[in-house]
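One-letter residues, chain by chain:
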Amino acid sequence: MRKLLAIESSCDETSAAVVAEDRTILSNIVASQHELHFDFGGVVPEIASRAHVRRIIPVIEEALKAADTDLKELCAVAVTSEPGLVGSLLVGLTAAKTLAMSLDIPLVTVDHIDAHIYACGMGQQESAFPCVGFVVSGGHTNLYDCRSATDTTLIAGTTDDAAGEAFDKVARILHLPYPGGPSIQKAAEKGDPTSYQLPRPMMRADKPHFSFSGLKTAVLYAARGVPGTEQLDHTPEECVPNLAASFQAAVSDVLVFKCRQALKKLGYKRLCVGGGVAANQHFREQLTDMCRRHRVELLIAPPELCTDNAAMAAIAWEYLEQGKTANLDADVLPGLVRPHVSR
Ligand code: KG4
Ligand code: ZN
């Protein structure tokens, strides 16, 4: 069975995986940098790229060892080249180019967002496509018309904060640790989601896009007081579980509503959801419920494949099957520059 090495370094996870041609994940090593960004409440790009430089080779070595694979057995090197933090992406791409050149094997560049959607179908017998694809992460809240794994069109995105970014910022307001998603989920377990009446932004049929900055401000005002009134410089500890639960419910309501709207518009009966926020338990339950009611097949990546990891770059096998390899002068594309993600 042919194997490829996949590398992911688009944000703050340094990851390498070995994936066989039948898409079996032989190893998937993820070195997270959460502790390095903890004090800042978000990813600091320069710190992230420097950490990638230190970790990339040990992580690749560990992935090969865990897969019991020698470099000589690899038939290609896949790497995330877009979108992401420019310095972080460059570390992965440079490592991948070096390996591809020295081993004389093809280089395949991968779109991180397409890879998040692809992760939903990994381990499935049937194809996950066509479907509505939804990527809800720290950097994106994007809905796609996915005709195939490599032929997707963006149909809606966020006008300001991404959903994961809102989780991270609200966690700061509530003095919960970074990354905000898991800590809000944990705090919400002891809270009542109906205790605060928070807005559900853009939940209207004529508004396809997302916006979370107003919801974030509503949490700030609920936690510390509205400007013009007496304001606290600290969120009272006893309010945190209820605010976390109410915020989580508001985000989830909006995300589920938009998925339903996209399914209706495109007429698909399958929904694939990936990205870090898709690891959220409440959101997963709400999505499952909506899909059951509307007889839609829901493919949602297991939590370890929702957050950034290299195994999802196995989408490279699809590109390889189409003969789409990259040249050694390939560059990174940090921004989400293509409204049409179609390769
Ligand atoms: O996909 P990902 O690992 O990286 C990006 O491509 O951005 O997503 C990271 C984001 C962070 O904002 C984090 O707070 C959020 O996903 N996240 C969650 C959960 N786990 C991670 N949000 C809500 N609930 C979770 N359980
Ligand atoms: Zn991601």
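Residues numbered from 1 in each chain as written. Chains lettered and ligands numbered in written order. Predicted model: local features only at pLDDT ≥ 70, side-chain atom pairs only at ≥ 80, totals over all residues. Heavy atoms only, no water.

Colleague: I tried to follow the overall build of the chain on my own but got confused; where do I start?
Modeller: Helix and strand content of the chain: 11 helices and 11 strands. On C-alpha atoms alone, the chain measures out to a radius of gyration of 20 Å, which is about the 20 Å that the 2.2 N^0.38 rule sets for 343 residues. Taking all 343 residues of the chain together, 54% fall into the buried category. Taking as baseline every contact in the chain between residues at least 6 positions apart, the subset at least 24 positions apart corresponds to 72%. Of the roughly 14800 Å² of accessible surface on the chain, 54% is carried by carbon and sulfur atoms. (Helix = DSSP H or I, 4+ residues; strand = E, 2+ residues; numbered from the N terminus. Rg over C-alpha atoms; globule rule 2.2 N^0.38 Å. Buried < 20%, exposed > 50% of the residue type's maximum accessible area, 1.4 Å probe, protein only. Contact = heavy atoms within 4.5 Å. Areas by Shrake-Rupley, 256 points an atom, 1.4 Å probe, with all protein chains shown as cover.)

Colleague: Help me understand unusual backbone geometry in this model?
Modeller: The phi angle of most residues is negative, glycine excepted, and most peptide bonds adopt the trans form. Cis geometry marks the peptide bond from F129 to P130, where omega comes out at 0°. For P130, the location among the structural elements is in the loop between helix 4 (112-121) and strand 6 (131-136). Following Y178, the chain continues to P179 via a peptide bond in cis, the omega torsion being -5°. In this fold, P179 is placed in the loop between helix 5 (163-173) and helix 6 (180-188). The residue R23 is not glycine, and still its phi comes out positive at about 75°. Mapped onto the secondary structure, R23 falls in the loop between strand 2 (13-20) and strand 3 (25-32). The residue D68 is not glycine, and still its phi comes out positive at about 50°. With respect to the helices, strands and loops of the structure, D68 is situated in the loop between helix 2 (45-66) and strand 4 (74-82).

Colleague: Is there a simple way to think about the site of ligand 1 in this case?
Modeller: Ligand 1 sits among 21 residues. The nearest are G138, D168, G181, G276 and D308. Here G276 contributes a backbone N or O atom positioned 3.0 Å from an oxygen atom of ligand 1. Contact distances for ligand 1 include 3.0 Å between an oxygen atom and a backbone N or O atom of D308. For ligand 1, the protein covers 90% of the area, taking 550 Å² as the surface of the free molecule. Secondary structure elements with two or more residues in the shell around ligand 1: helix 4, helix 5 and helix 6. Among the elements that make up the shell around ligand 1, the one with the highest residue count is helix 6 (4 residues). Along the lines of polarity and charge, the residues of the shell around ligand 1 split into 6 nonpolar, 13 polar and 2 charged. Per-domain counts for the shell around ligand 1 show at least three residues from each of domain 1 (3-118 + 307-342) and domain 2 (123-300). (Near = heavy atom within 4 Å. Polar contact = N/O pair within 3.5 Å; in protein donor to acceptor, adjacent residues only side chain to side chain. Nonpolar A, V, L, I, M, F, W, Y, C, P; charged D, E, K, R; others polar. Domains from an automatic or database assignment.)

Colleague: For this particular structure, what's the right way to read the environment of A278?
Modeller: Along the chain, A278 turns up in the loop between strand 9 (270-274) and helix 9 (281-293). C-alpha of A278 to C-alpha of H52: the two residues are 226 residues apart in sequence and 25 Å apart in space. Setting aside anything within four residues of it in sequence, one finds A278 in contact with V136, V273, F283, R284, I300 and C306.

Colleague: So what exactly am I meant to see when it comes to a nonpolar patch on the surface here?
Modeller: Where nonpolar side chains cluster on the molecular surface, the patch consists of L220, Y221 and V226 and spans about 220 Å² of accessible area. By secondary structure assignment, the location of V226 is in the loop between helix 7 (213-224) and helix 8 (240-266). Exposure remark for V226: the relative accessible area of 44% places this residue in the partly exposed category. (Patch = residues over 30% accessible without salt bridge, like charges linked within 9 Å, V, L, I, M, F, W, Y side chains within 5 Å. Salt bridge = Lys/Arg side-chain N within 4 Å of Asp/Glu carboxyl O.)

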